[in-house]
Amino acid sequence: MRNSADRPLVVQKDLTVLLETHHPEAEELRANLSRFAELVKSPEHVQTYRMTPLTLWQAAAAGMSGEDLISWLEPYSKFPLPAGAAADIRKYVGRYGLLRLERVGEELLLVSEDTVVLGELMNYAFMQKYIVESRGERAVQVLREARGELKQELAKLGYPVSDMAGYHRGEALAIRLKGTTAGGADFRLRDYQEEAVDAFYRGGSTMGGSGVVVLPCGAGKTVIGIAAMAKLGCATLVLTSNVTSVRQWKREILDKTELTEEQVGEYTGETKEVKPVTIATYQIITHRKAKDEPFVHLALFNRRDWGLIVYDEVHLLPAPVFRATADIQATRRLGLTATLIREDGRESDVFSLIGPKRYELPWRKLERSGWIATVECTEIQVPLSEERRAAYAGAEARRQFRLAGENAAKLDITRTLLQKHAGEPTLIIGQYLEQLKLLSKLTGAPMISGETGHEERERLYAAFKAGRERVLIVSKVANFAVDLPDASVAIQVSGSFGSRQEEAQRLGRILRPKPGANKAYFYTIVSKDTKEQEFTMKRQLFLVEQGYSYSIVTVGGMASAERGGLHRVPSSLPEELVLT
DNA sequence: GAGGTGGTAA
DNA sequence: ATGCGTACCACCTC
């Protein structure tokens, strides 16, 4: 038994967990912690994780018990677990599964072994509109059409419902994967893809067929969606974020399955086909003539007897699609995403309406098996010039962020980095068009923004892929463009506030496996001692939670540190960056 | 093909 | 614990 000084965790009463990052077992502990807690702070030596009701429900849905968590935390904790904390962990984990939805014949029942809780819930005013009639102490019949709404409401109240009411099969459709038949193309599911589909199909401790699969960029989420369709063998509606992605889904489906053009349809602004497999954008579903008018294309959900709905980029799911999804709870639902993060407080709706997280593949694990590149992340802190510092001090908070973002000193650093990585395909990614235009002028590299037409984009992508253009400067289009070619170096010159989503997305741009050492470089240039620096820390939390670490280099000084710091990739950043 | 509307990030 | 202008996309109408 290690003595308490060697133990790297402190569990606090408010369900936060502190992890000492220098502990030899820190990396392993982080991997486990991130299964039931989220990272909220990561300064140099100690990381703060937080268990929330939702992160604990996710753990419960994955089959962990409160006792499992407590007995895992205890031996690593410096101090005995505060009594309140242990009780809360048991309470929240135990909440999941306390209420179940079950179907008996045509009836939908809300069931609980805990008669006290069920009794209390029955007294809530909002419950009255869902109740058909009481079925003794342990069950109550509820309206079938309220299945989604009821789960949403109860989750908000702190009682997540385990939905065992099953699904309808939908219109049958034989979908055969190529490569599984003689003479097919050479295509096989990777092990983790198979596991993900399986986890979705079976479910954790609860009924499968609905839920979320979380996979890093480049791990083949589309393939998992396709394999899920094939496994269920039914008409499928795929919802995704933009038209390019619709095309990509269609291409992949035709490429990986034996479905024909006649069976796969696009439902977008241009083309409105409803075929056994239909791919649509979120936008078209949420479209309406005017604010107070109804959604024009909402009926797509009922245009066919879908047996499966795939929600690509499920973290982007817009409010009206939540509403529509609440009404189709008997249809199987698969959510796909790289980062299950929403900061608009609707995570619990994703949990209730799409389903619990069924499978998550940690990014670094995929890195170890070589499916994605190893990335060296460096944060370069650049001071503001004296003039800019003065303007900054006098500016309103809002203006300050932009002044820091557009810090002219970043231009020099960018040029230095381009020299350092001469010859390597490089993306420069930023937030402000003016800043990017200037960079384009200074470096001669072409720039792509929302204004750039599709033809021009494709021409530039092709030139970049062929190596005729070595550097591309991209605006926020990089957050959406699914066809942006992969690079081995990314330089982030500015970004939007504290978006963890965006940081992950941008890192994702250099993850495709590289020939040779399979290595990529991610730089983020930040104005020192500004608002931007704070937001940068927030941005990095998701990736640090995934086990990435950033070497911090200060330009003009020599200070160097490490954020994340659980695994150390020595920074290969040269001294020549010290530009003073 | 441009311009208007509405929706997204967080 | 964070922001309410900035950038972008898709749809529809003309």
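Residues numbered from 1 in each chain as written. Chains lettered and ligands numbered in written order. Predicted model: local features only at pLDDT ≥ 70, side-chain atom pairs only at ≥ 80, totals over all residues. Heavy atoms only, no water.

Under an unreviewed UniProt entry, the name given to chain A is DNA 3'-5' helicase, and the source organism is Paenibacillus chartarius.

1. As for the protein's contact with DNA strand C
Taken together, 25 residues lie around DNA strand C, and Asn242, Gly269, His297, Arg398 and Ser475 are the ones closest in. Expressed as a percentage, the sugar and phosphate content of the atoms of DNA strand C within 4 Å of the protein is 88%. Here a phosphate oxygen of DNA strand C sits 2.8 Å away from a polar atom, N or O, in the side chain of His297. Backbone polar atom of Gly450 to a phosphate oxygen of DNA strand C: 3.3 Å apart, as the coordinates give it. Breaking the surface near DNA strand C down by element, the ones donating at least two residues are helix 10 (282-285), helix 15 (397-405) and helix 20 (531-545). A class-by-class count of the residues in the surface near DNA strand C yields seven nonpolar, 11 polar and seven charged. (Near = heavy atom within 4 Å. Polar contact = N/O pair within 3.5 Å; in protein donor to acceptor, adjacent residues only side chain to side chain. Helix = DSSP H or I, 4+ residues; strand = E, 2+ residues; numbered from the N terminus. Nonpolar A, V, L, I, M, F, W, Y, C, P; charged D, E, K, R; others polar.)

2. Some thoughts on the sheet that holds strand 15 (residues 332-337)
Pairing in this open sheet of seven strands is parallel, and the strands run 12-13-11-14-15-10-16 from one edge to the other. Two strands bound the open sheet, and with one partner strand each, they are strand 12 (264-267) and strand 16 (357-360). Across the sheet, the mean angle separating the axes of adjacent strands is 20° when strand polarity is ignored. Pairing of strand 11 (residues 236-240) with strand 14 (residues 308-311) involves four bridges; the strand directions are parallel. (Pairing = 2+ DSSP bridges. Axes fitted to C-alpha atoms, helices over the stretch in contact; angles between N-to-C directions.)

3. Side note on helix 3 (residues 66-73)
Along helix 3, the positions that sit buried rather than exposed are Gly66, Leu69, Ile70, Trp72 and Leu73. Across the axial projection of helix 3, the buried residues extend over an arc of 165°, all falling on one side. Of the surrounding elements, those touching the buried residues of helix 3 are strand 1 (9-11), helix 1 (26-33), helix 2 (53-61) and helix 4 (83-95). (Buried < 20%, exposed > 50% of the residue type's maximum accessible area, 1.4 Å probe, protein only. Arc of directions from axis to C-beta. Contact = heavy atoms within 4.5 Å.)

4. With respect to the domain arrangement of chain A
If you check the domain split of chain A, you get domain 1 (4-95), domain 2 (99-159), domain 3 (191-361) and domain 4 (370-572). Here the C-alpha centre of domain 3 lies 32 Å away from the C-alpha centre of domain 1. Linking domain 1 with domain 3 are one residue pair in polar contact (both at pLDDT 80 or more), by the criterion used here. Residue composition of the side of domain 1 that touches domain 3, by class: four nonpolar, two polar and no charged. (Domains from an automatic or database assignment.)

5. Observations regarding the sheet that holds strand 1
Read across the open sheet, the four strands follow the order 1-2-4-3; overall the sheet is antiparallel. This sheet does not close on itself; its edge strands, each paired only once, are strand 1 and strand 3 (38-41). Averaged over all neighbouring strand pairs, the angle between strand axes comes to 30°, with direction disregarded. In the sheet, strand 3 pairs with strand 4 (residues 46-50) via three bridges, with the strands oriented antiparallel. Its bridge partner being in strand 4, Glu38 is matched across the sheet by Arg50.

6. Here we look at the packing of helix 2 against helix 12 (residues 347-354)
As a packed pair, helix 2 and helix 12 sit with axes 10 Å apart at the nearest point and diverge in direction by 30°. Between helix 2 and helix 12, the interaxial angle falls into the category roughly parallel. With respect to the hand of their crossing, helix 2 and helix 12 are arranged in left-handed fashion. On helix 12, the residues that touch Leu54, Trp57 and Gln58 of helix 2 are Glu347, Ser348 and Phe351. Its residues placed into classes, the contact of helix 2 with helix 12 shows three nonpolar, two polar and one charged. (Parallel < 35°, antiparallel > 145°, perpendicular 65-115°, else oblique. Left-handed = near helix turned anticlockwise from the far one by under 90°.)

7. Side note on the packing of aromatic side chains
Counting across every chain of the model gives 11 aromatic pairs. Centre to centre, the rings of Trp72 and Tyr76 are 5.6 Å apart; their planes meet at 50°, and the pair counts as tilted. Through a chain of ring-to-ring contacts, the aromatic side chains of Phe36, Trp72 and Tyr76 assemble into a single cluster. Above the plane of the ring of Tyr159 lies Arg95, whose end atom (NZ or CZ) is 4.1 Å from the centre. The residue whose ring lies beneath Arg389 is Tyr392, and the NZ or CZ to ring-centre distance is 5.5 Å. (Phe/Tyr/Trp six-rings, centres within 6.5 Å; stacked < 30°, edge-to-face > 60°. Lys NZ or Arg CZ within 6 Å of the ring centre and 35° of its normal.)

8. Some remarks on the pairing of strand 18 (residues 426-429)
Residues Thr426 and Ile428 line one face of strand 18 and the alternating positions Leu427 and Ile429 line the opposite face, and both faces are buried. Sheet topology places strand 18 next to strand 20 (residues 471-474); four bridges connect them, and they run parallel. Its bridge partner lying in strand 20, Leu427 is registered against Leu472. Pairing between strand 18 and strand 21 (residues 489-492): four bridges, direction parallel.

9. Brief notes about the confidence of the model for chain A
Regions with low pLDDT carry predicted coordinates that are not meant to be interpreted in detail. A residue-level look at chain A finds 94% of positions with pLDDT of 70 or above and a mean pLDDT of 88. Here strand 24 (residues 560-563) stands out as the element of chain A with the lowest mean pLDDT, 68, in contrast to strand 6 (residues 107-111), whose mean of 97 is the highest. (pLDDT = per-residue confidence, 0-100.)

10. Here we look at the packing of helix 6 (residues 147-156) against helix 12
Relative to each other, helix 6 and helix 12 sit at 140°, their axes nearing to 9 Å. What the angle tells us is that helix 6 and helix 12 run oblique. Between helix 6 and helix 12 lies a crossing of right-handed hand. Contact with helix 6, carried on its side by Gly148, Lys151, Gln152, Ala155 and Lys156, involves Ser348, Asp349, Ser352 and Leu353 of helix 12 and no other residues of that element. Considering only residue class, the contact of helix 6 with helix 12 consists of two nonpolar, four polar and three charged.

11. A look at the nonpolar core
Counting residues in each nonpolar core, the largest one holds 105 residues, and the members touching the most others are Met51 and Trp363. The element that contributes the greatest number of residues to this core is helix 8 (residues 221-232), accounting for eight residues. Listed in part, the 25 residues of the second largest apolar core include Val214, Leu237, Leu239 and Ile309. (Core = buried A, V, L, I, M, F, W, Y, C linked by side-chain atoms within 4.5 Å.)

12. Focus on unusual backbone geometry
Located in the positive-phi region is Glu313, a residue other than glycine, with phi close to 50°. By secondary structure assignment, the location of Glu313 is in the loop between strand 14 and helix 11 (319-326). Overall, the relative accessible area of 19% leaves Glu313 in the buried class. For Phe497, which is not glycine, the phi torsion reads 40° and is therefore positive. With respect to the element layout, Phe497 can be found in the loop between strand 21 and helix 19 (500-507). By relative accessible area, which is 46% here, Phe497 ends up partly exposed.

13. Considering the pattern of salt bridges
The tally for this structure, following the rule as stated, stands at 37 salt bridges. A salt bridge links Lys78 to Glu20; its shortest N-O distance comes to 2.9 Å. Note that Lys78 is positioned in the loop between helix 3 and helix 4 and Glu20 in strand 2 (residues 16-20), a separation of 58 residues in sequence. Glu20 sits in the partly exposed class, given a relative accessible area of 30%. Lys514 is the salt-bridge partner of Asp486, the closest N and O atoms lying 2.9 Å from each other. With Asp486 in the loop between strand 20 and strand 21 and Lys514 in the loop between helix 19 and strand 22 (519-527), this pair connects stretches of sequence that are 28 residues apart. Each member of the pair, Asp486 as well as Lys514, is classed as buried. Linked through salt bridges whose partners overlap, the residues forming this network are Arg100, Glu102, Glu113 and Arg138. (Salt bridge = Lys/Arg side-chain N within 4 Å of Asp/Glu carboxyl O.)

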